[in-house]
Amino acid sequence: MSTPSPPRPWPARKAAPSSVQYACPRCEEVFLRAVDAAAAAEHGLACSHCALELRGPEGPGAAPRPGQAVERCWICGSSALYVQKDFNRELGFMIVVASAMISFLVMLLVGPFEGMVCLGGIALADWLVYRKLADVTVCYLCQSIYRGLPLNEAHRGFYLGLEEKHKKLRQRWLRDLLGEGP
Ligand SMILES: [Zn+2]
Ligand SMILES: [Zn+2]
């Protein structure tokens, strides 16, 4: 049995450490960079694998500051960002499929009512877990993910229309960045 810990002077930090996850467009290496005081002093980022300088159409983006909402993407300088739950889409899809299969089996082996109750229970559990997941900020243009930072009130959820628009912008950004001909 452990002794109760003494009260902390301020609330324990529940949030994940602030970080940005990004991929180098040239070598496709994925990086996780802490957002801290050292990061805030930097401007542009360079890939530590292939030394590509990461910058947007208007030059290098400013580093996010710890404890502050993201205004512009550090990697590409874009201000088009969206908010989503921090979860793995494939894992989420597998959970949905598994839930449906379990409910179907209960329906078949026990009864339709029990099957529906089972489905409802699983849906409720999923929803409770989903609510607990942290929110992350994602860049439409370069798809970098910002974790552990306050959300910017101007950012909304993912919108397919903006993603479609950014597909073209992304191609142009990559072309400029990688120095390939048009
Ligand atoms: Zn690289
Ligand atoms: Zn970006």
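This text follows the structure it describes.
Just so it is clear, the model here is predicted, and its values are computed rather than measured. (Residues numbered from 1 in each chain as written. Chains lettered and ligands numbered in written order. Predicted model: local features only at pLDDT ≥ 70, side-chain atom pairs only at ≥ 80, totals over all residues.)

**Overview of unusual backbone geometry**
Link 1 in the chain: Its identity is not glycine, yet E28 carries a phi of approximately 65°, on the positive side.
Link 2 in the chain: The residue E28 is located in the loop between strand 1 (19-23) and strand 2 (30-34) in this model.
Link 3 in the chain: Notably, A51 is not glycine yet its phi reads approximately 65°, a positive angle.
Link 4 in the chain: Using a count of 10 C-beta atoms within 10 Å as the deciding quantity, one classes A51 as exposed. (Helix = DSSP H or I, 4+ residues; strand = E, 2+ residues; numbered from the N terminus. Buried ≥ 20, exposed ≤ 12 C-beta atoms within 10 Å, placed from the backbone.)

**Comments concerning the pairing of strand 6 (residues 135-139)**
Link 1 in the chain: Bridging between strand 5 (residues 81-85) and strand 6 involves five bridges; their strand directions are antiparallel. What sits directly across from V83, in strand 6, is T137.
Link 2 in the chain: Pairing between strand 6 and strand 7 (residues 145-147): two bridges, direction antiparallel. Considered in strand 7, the bridge of V138 is made with I145. (Pairing = 2+ DSSP bridges.)

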